[in-house]
Amino acid sequence: MFEGLEIRVPAMRGKMGSRTFYSLLMPMSGVPQFFKFTNWAGISPEDREQRVLNEKRVPDLAGYIGENEEDYLFSSITASYKAEPRFEPYKPGSNIGLLVLQLGDEFIINDGQHRCAGIVKALESGAPIQKDTISVLLFPWENTERVQQMFSDLNRFVQKTSKSLDILYDKRDDLAAATLGMIDKVPVFKELTDKENVSLGVKSTKLFTLAALYDANAELLRGREKDDTTAKTALLVDYWKAVAEHMPDWAKVLKGQKLALELRQERISSHSTVLRALGGLGLDILNGPEWQQKLSALAAINWEKKNPEWEGVCVSQNSVLSNRQARAATKAFIKAKLGMPLTEGEARSLPQPAAGFVTAE
């Protein structure tokens, strides 16, 4: 509680290495009062105590709080204090008690400056989180070199989770839910999708990654963001089941007639570039009549990586490209093979030898 110019917060005292630190519960309302935000932009990297704040991330973090007031989640903030706080143990010798902070003190943020900035922005926007608390680890400030070392130690071994695993575990994302629902109902995806890794290992027995299918569905469902999850899932199931019927390569792996490793080495039909192109194709084809029949032409496409038609579309020197230009050209190539009209931009995305068979609008 507040007493004059002091704030008392529940805390524990501990030791890490040779240093005493405190673990405390900071009310969200105290974040803008105690944490120091320094504009490091004009300071050389070797003289900074933190990286430069990325202002573009702050509204996203504030929005996350505002949209999930009942179940948002942040990890602890790590900071350094220059003015020694007073620790009042609940009983003599105890490491549990109250930490007395002086209003006007400032903490140097070692880890979590974007979280702090997001909290401040959310408070300014009226999010009712003033009485919520966040855990803070406080260490003594010694010098710039020590603060830089703390930043390095806290971030050096951090490993970001894969995009596939993020999608799998995100229960708020309708597109993720629809994609997972679709995978469960399309046999080839259910059996041959890696839901953990963002890329397939050389010896993987899978053909697809959850991340690639998610991105393909983002293309397919563009403009349908307001549809409910059930409707999105149903549309995805209908489309991808129809696509799978005309992808004999996928069926051979599903039936055990060909190894996934061999297919990935020889053909591009399961590559993320092709999947996203097929997703973009779905956006166009679902708006027209008899779209299932049009997809039958997929079976006649030569998906071999060495097929010279792919050179300049999405293959270069026997490597499949995954940039935006390659995805656009692959979609245009597939549309042309299906006898669908191309826009001027799509026609231009194709190399001249391939452009001869397309039907321009």
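As a reminder, the structure under discussion sits directly above these lines.
A brief report on the enclosed structure follows. (Residues numbered from 1 in each chain as written. Predicted model: local features only at pLDDT ≥ 70, side-chain atom pairs only at ≥ 80, totals over all residues. Heavy atoms only, no water.)

Looking at the overall build of the chain
And then number 1: Helices and strands together make up the secondary structure of the chain, namely 16 helices and 15 strands.
And then number 2: Judged by the C-alpha coordinates and their principal axes, the chain covers about 80 × 40 × 40 Å.
And then number 3: A buried classification covers 45% of the 361 residues belonging to the chain.
And then number 4: By sequence separation, contacts in the chain at least 24 residues apart represent 69% of the contacts at least 6 residues apart.
And then number 5: As displayed, the chain has an accessible area near 19,300 Å², and 50% of this comes from carbon and sulfur atoms.
And then number 6: Both charge centroids of the chain, one from 46 positive and one from 47 negative side chains, sit 4 Å from each other. (Helix = DSSP H or I, 4+ residues; strand = E, 2+ residues; numbered from the N terminus. Buried < 20%, exposed > 50% of the residue type's maximum accessible area, 1.4 Å probe, protein only. Contact = heavy atoms within 4.5 Å. Areas by Shrake-Rupley, 256 points an atom, 1.4 Å probe, with all protein chains shown as cover. Lys, Arg positive; Asp, Glu negative; His and termini not counted. Charge placed at Lys NZ, Arg CZ, Asp CG, Glu CD.)

Description of unusual backbone geometry
And then number 1: Phi at Glu-290 is positive, roughly 50°, even though this residue is not glycine.
And then number 2: Note on Glu-290: relative accessible area 58%, which makes it exposed.

Some remarks on the pattern of salt bridges
And then number 1: Going through the model one piece at a time under the given rule, you end up with 18 salt bridges.
And then number 2: With a shortest N-O distance of 4.0 Å, Asp-215 and Arg-276 are connected by a salt bridge. In this pair, Asp-215 is assigned in helix 8 (residues 210-220) and Arg-276 in helix 12 (residues 272-285), connecting sequence segments 61 residues apart.
And then number 3: Since its relative accessible area comes to 22%, Arg-276 is described here as partly exposed.
And then number 4: One salt bridge in this structure joins Arg-267 and Asp-249, with 3.6 Å as the shortest N-O distance. Placement of Arg-267 in the loop between helix 11 (260-266) and helix 12 and of Asp-249 in helix 10 (residues 248-254) is noted, with a sequence separation of 18 residues between them.
And then number 5: In this structure Asp-249 comes out as buried when scored by relative accessible area, which is 7%.
And then number 6: Members of the salt-bridge network, linked through shared partners, are Lys-163, Asp-215, Glu-219, Arg-222 and Arg-276. (Salt bridge = Lys/Arg side-chain N within 4 Å of Asp/Glu carboxyl O.)

Some details on the layout of surface pockets
And then number 1: A volume near 1,300 Å³ is recorded for the largest pocket.
And then number 2: Taken together, 30 residues make up the lining of the largest pocket; nearest its centre are Arg-57, Leu-61, Lys-160, Thr-161 and Asp-166.
And then number 3: Among the elements that line the lining of the largest pocket, the one with the most residues is helix 5 (residues 163-169), at five residues.
And then number 4: Lining the second largest pocket are 27 residues; nearest its centre among them are Leu-200, Arg-264, Ser-270, His-271 and Ser-272.
And then number 5: Elements with a contribution of two residues or more to the lining of the second largest pocket: strand 11 (208-209), helix 8, helix 11, helix 12 and strand 13 (319-320). (1 Å grid on protein atoms, 1.4 Å probe; cavity = no way out; pocket = protein on both sides within 12 Å on 5 of 7 lines; lining within 4 Å. Points joined across faces, edges and corners; volume = space filled by probe spheres on them.)

With respect to the pairing of strand 3 (residues 19-27)
And then number 1: Strand direction decides the pairing type here: strand 2 (residues 6-16) and strand 3, joined by six bridges, are antiparallel. Counted as the bridge partner of Ala-11 is Leu-24 from strand 3.
And then number 2: The antiparallel pairing of strand 2 with strand 3 creates a hairpin that spans two residues between the two strands, and Gly-17 there sits at a positive phi of about 65°.
And then number 3: Across six bridges, the pairing between strand 3 and strand 9 (residues 133-140) is antiparallel. Residue Met-26 lies in a different strand from strand 9, and its bridge partner there is Ile-134. (Pairing = 2+ DSSP bridges.)

Structural notes on the pairing of strand 5 (residues 77-81)
Remember that side chains alternate between the two faces of the sheet whenever the strand is regular.
And then number 1: Burial within strand 5 is extensive, with five of its five residues counted as buried.
And then number 2: Side-chain alternation along strand 5 places Ile-77, Ala-79 and Tyr-81 on one buried face and Thr-78 and Ser-80 on a second face that is also buried.
And then number 3: Bridging between strand 5 and strand 9 involves five bridges; their strand directions are parallel. By the bridge assignment, Ile-77 is partnered in strand 9 with Val-136.
And then number 4: Looking at chain direction, strand 5 and strand 8 (residues 107-111) are connected through four bridges and run antiparallel. Note on strand 8: the bridge partner recorded for Thr-78 is Asp-111.

Some words on the side chain of Asn-68
And then number 1: With respect to the helices, strands and loops of the structure, Asn-68 is situated in the loop between helix 2 (57-67) and strand 5.
And then number 2: Polar contacts involving the side chain of Asn-68 include one to the main-chain carbonyl oxygen of Tyr-64, which spans 2.9 Å. (Polar contact = N/O pair within 3.5 Å; in protein donor to acceptor, adjacent residues only side chain to side chain.)

A closer look at the packing of aromatic side chains
The geometry of an aromatic ring pair comes down to the distance between the two centres and the angle between the two planes.
And then number 1: Applying the stated rule across the entire model yields 15 aromatic pairs.
And then number 2: When the centroid spacing of 5.0 Å and the interplanar angle of 80° are considered together, the rings of Phe-208 and Trp-250 count as edge-to-face. Placement of the pair is Phe-208 in strand 11 and Trp-250 in helix 10, with a sequence separation of 42 residues. Like Phe-208, the residue Trp-250 is buried in the burial classification.
And then number 3: Seen in terms of ring centroids, Tyr-239 and Trp-291 are 6.1 Å apart; in terms of plane orientation they differ by 35°. Their pairing is tilted. Placement of Tyr-239 in helix 9 (residues 229-245) and of Trp-291 in helix 13 (residues 291-294) is noted, with a sequence separation of 52 residues between them.
And then number 4: In this structure an aromatic cluster arises from ring pairing among Phe-189, Phe-208, Tyr-239, Trp-240, Trp-250 and Trp-291.
And then number 5: In this arrangement the basic side chain of Lys-82 is found over the ring face of Trp-141, its NZ or CZ atom lying 4.4 Å from the centre. (Phe/Tyr/Trp six-rings, centres within 6.5 Å; stacked < 30°, edge-to-face > 60°. Lys NZ or Arg CZ within 6 Å of the ring centre and 35° of its normal.)

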